[in-house]
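Understanding the architecture of this molecule
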Amino acid sequence: MGRAGAIISAMGLSSVRSVVRFGRLETDPVRRRLARAASVADLRLIAKRRLPGGCFDYIDGGAEDERTLAANARAFADLQFRPRVLRGLGSVDISTDILGRQATMPLVLAPTGFTRIADPQGELAVARAAARAGVPYTLSTLATRSIEEVRSVSDGRLWFQVYAWRDRALVAEMVQRAADCAYEALVLTVDTAVFGRRERDVRRGFSLPPTIGAGTIIDGLRHPTWTLAFLRNEPIRFANVLGRSVGDGSSPVNLSDYINSQFDPALAWSDVEWLRSIWNGPIIVKGIQCVDDAVIAADLGVDAIVLSNHGGRQLDGSPATLGLVAPVADAVGGRTQIICDGGVRRGSDIVKAVAAGADSVMAGRAYLYALGAAGELGVDTLLGWWREDMRRTMSLIGAGSIAELDRSFLDL
Ligand SMILES: Cc1cc2nc3c(=O)[nH]c(=O)nc-3n(C[C@H](O)[C@H](O)[C@H](O)COP(=O)(O)O)c2cc1C
């Protein structure tokens, strides 16, 4: 009798039946992958396995020594709650106001360029998932799906992120296209006067769109699913500037050369006024990194500021954004909405940022890892986790609604 037979005869068949449960075998590979993931860290590892090294590093990496990238995450890890108990909370409401409209939770999906390197559907998948979850999605100027394509798949809240091209007529044209497609707000990114030095990309000679050539062939062969999808789908292009003289990626570019030659390093506060002259809706300034600039933005009457160091991808040595929230809220809270961006990996991080004084958060890499790991279903899963994380965290700290969250719940 084999070992299994010995166990069965020792236990008796009926007691074996009472402890053995065979779950349904999951045949769908995407669901099978997701079933093994419980956190953003898990999704990151799956994405790392599935994407070619150059693509994963482009998403995952930061500038220079990646100190600011690490500081963003460490700030959340180091900030502890001050939980209150026995407060008689029946239920928890995580819905909130973002730019005067109801959102299901205080979250906006951040703009990320070249999203199709994570998954062929790219920005379309993320916009659909955001709409289903009831949170705004911000489309990047450097998206790989156009303003119009994204609107055609989503009736949700869409924001458009603006980089200041030297060619201002091009910016004005994009802004008009966003207005024609009922985008709700413009997000002017101001931390990219020049391109940050992302050393992982420098080492790999990474270009966008990615190329398969002598240097990358092995990487491509080691990730056959990604490579086949890349070859089978239409070429990855800078979809908002297709066919334009600025270059649409039909010849692969080194992103640093591209941005340094195309974007205007002389962008100034007066350009916020210029943007207002060509756009009727809300204006958000993304990339504020100190209290003084937050005050200037609030004085100019912008609708929201995003405290952001571009996820540690621009100036290495910029402070962690979570640490800016309380001083900025003290200086300008109530005059402009405050969005905290960088390092958000859990729903409890969202709760911390809001308790510190932010109106909402933005997150970038977390949804790119989800997309790279499991496509659109991955993003749905992530947003579901964060909804549950927020409810659970708020129950455990004794806060029944977003309005109740304040610094008394933090060990500041
Ligand atoms: C791969 C990638 C591409 C990005 N592209 C843009 C962009 O085109 N425009 C922009 O304003 N910010 C861009 N960002 C920055 C994000 O909007 C956001 O500030 C950052 O991801 C927040 O940090 P987190 O990734 O830790 O959430 C990008 C970030 C990543 C990771």
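I will try to describe carefully the structure that is included in this document. (Residues numbered from 1 in each chain as written. Predicted model: local features only at pLDDT ≥ 70, side-chain atom pairs only at ≥ 80, totals over all residues.)

1. Some thoughts on the overall build of the chain
Let me state the cut-off plainly: Runs of H or I in DSSP of at least four residues are treated as helices and runs of E of at least two as strands, each being numbered from the N terminus. Computation of the radius of gyration draws on C-alpha atoms alone. For the globule rule, the value is 2.2 Å times the number of residues to the power 0.38. Partly exposed residues are those falling between the two cut-offs: more than 12 but fewer than 20 other C-beta atoms within 10 Å of their own, whereas 20 or more means buried and 12 or fewer means exposed, with C-beta atoms placed from the backbone. Any pair of residues counts as being in contact when their C-beta atoms, constructed from backbone geometry, are within 7 Å of one another.
Of the regular secondary structure elements, the chain holds 18 helices and ten strands. For the chain, the C-alpha radius of gyration of 23 Å lies close to 22 Å, the compact-globule estimate for 412 residues. The principal-axis extents of the C-alpha atoms in the chain amount to approximately 85 × 60 × 40 Å. Counting only residues that meet the buried cut, the chain has 46% of its 412 residues in that class. Here the analysis covers contacts within the chain between residues at least 6 apart in sequence; of these, 73% occur between residues at least 24 apart.

2. Structural notes on the nonpolar core
The condition that has to hold: Definition of nonpolar core: a set of buried Ala, Val, Leu, Ile, Met, Phe, Trp, Tyr and Cys residues joined via C-beta atoms within 7 Å.
In this structure, Ile305, Val325 and Ile339 are the most contacted members of the largest nonpolar core, which totals 115 residues. Here the element with the most residues in this core is helix α18 (residues 365-397); it accounts for 15 residues. Those residues in contact with valine 325, other than ones at most four positions away along the chain, are Leu307, Ile338, Cys340, Ala353, Ala356, Gly357 and Ala358.

3. A few points about α18
What counts is decided by this rule: To estimate the expected span of a helix, subtract one from its residue number and multiply by 1.5 Å. Note that the bend at a residue is defined as the angle between axes fitted to the seven residues ending at it and the seven residues starting at it.
Look at α18: only 27 Å from first C-alpha to last across 33 residues, short of the 48 Å you get at 1.5 Å a residue. At alanine 374, α18 shows its maximal kink, close to 135°. Backbone geometry just downstream of α18 places glycine 398 in the positive-phi region, at approximately 85°.

4. What to know about the site of the ligand
Using the following cut-off: Here, nearness is defined through the C-beta atom: a residue counts as near a molecule or strand if that backbone-placed atom lies within 6 Å of it. Just so you know the grouping, Ala, Val, Leu, Ile, Met, Phe, Trp, Tyr, Cys and Pro go in nonpolar, Asp, Glu, Lys and Arg go in charged, and all remaining residues, Gly too, go in polar.
Close to the ligand lie 25 residues, the nearest being Ala110, Gly113, Gly311, Gly364 and Arg365. Mapped onto the shell around the ligand, the elements with two or more residues apiece are α5 (53-60) and α18. Tallied by class, residues from the shell around the ligand come to nine nonpolar, twelve polar and four charged.

5. Observations regarding unusual backbone geometry
The step from leucine 208 to proline 209 runs through a cis peptide bond, and the omega angle for that step is -10°. A positive phi angle is found at leucine 86, which is not glycine, with a value near 55°. One can find leucine 86 in the loop between α6 (67-78) and β1 (96-98). The class for leucine 86 is exposed, based on 6 C-beta atoms found within 10 Å. In this structure, leucine 99 takes a positive phi of about 50° despite not being glycine. Assignment of secondary structure puts leucine 99 in the loop between β1 and β2 (101-103).

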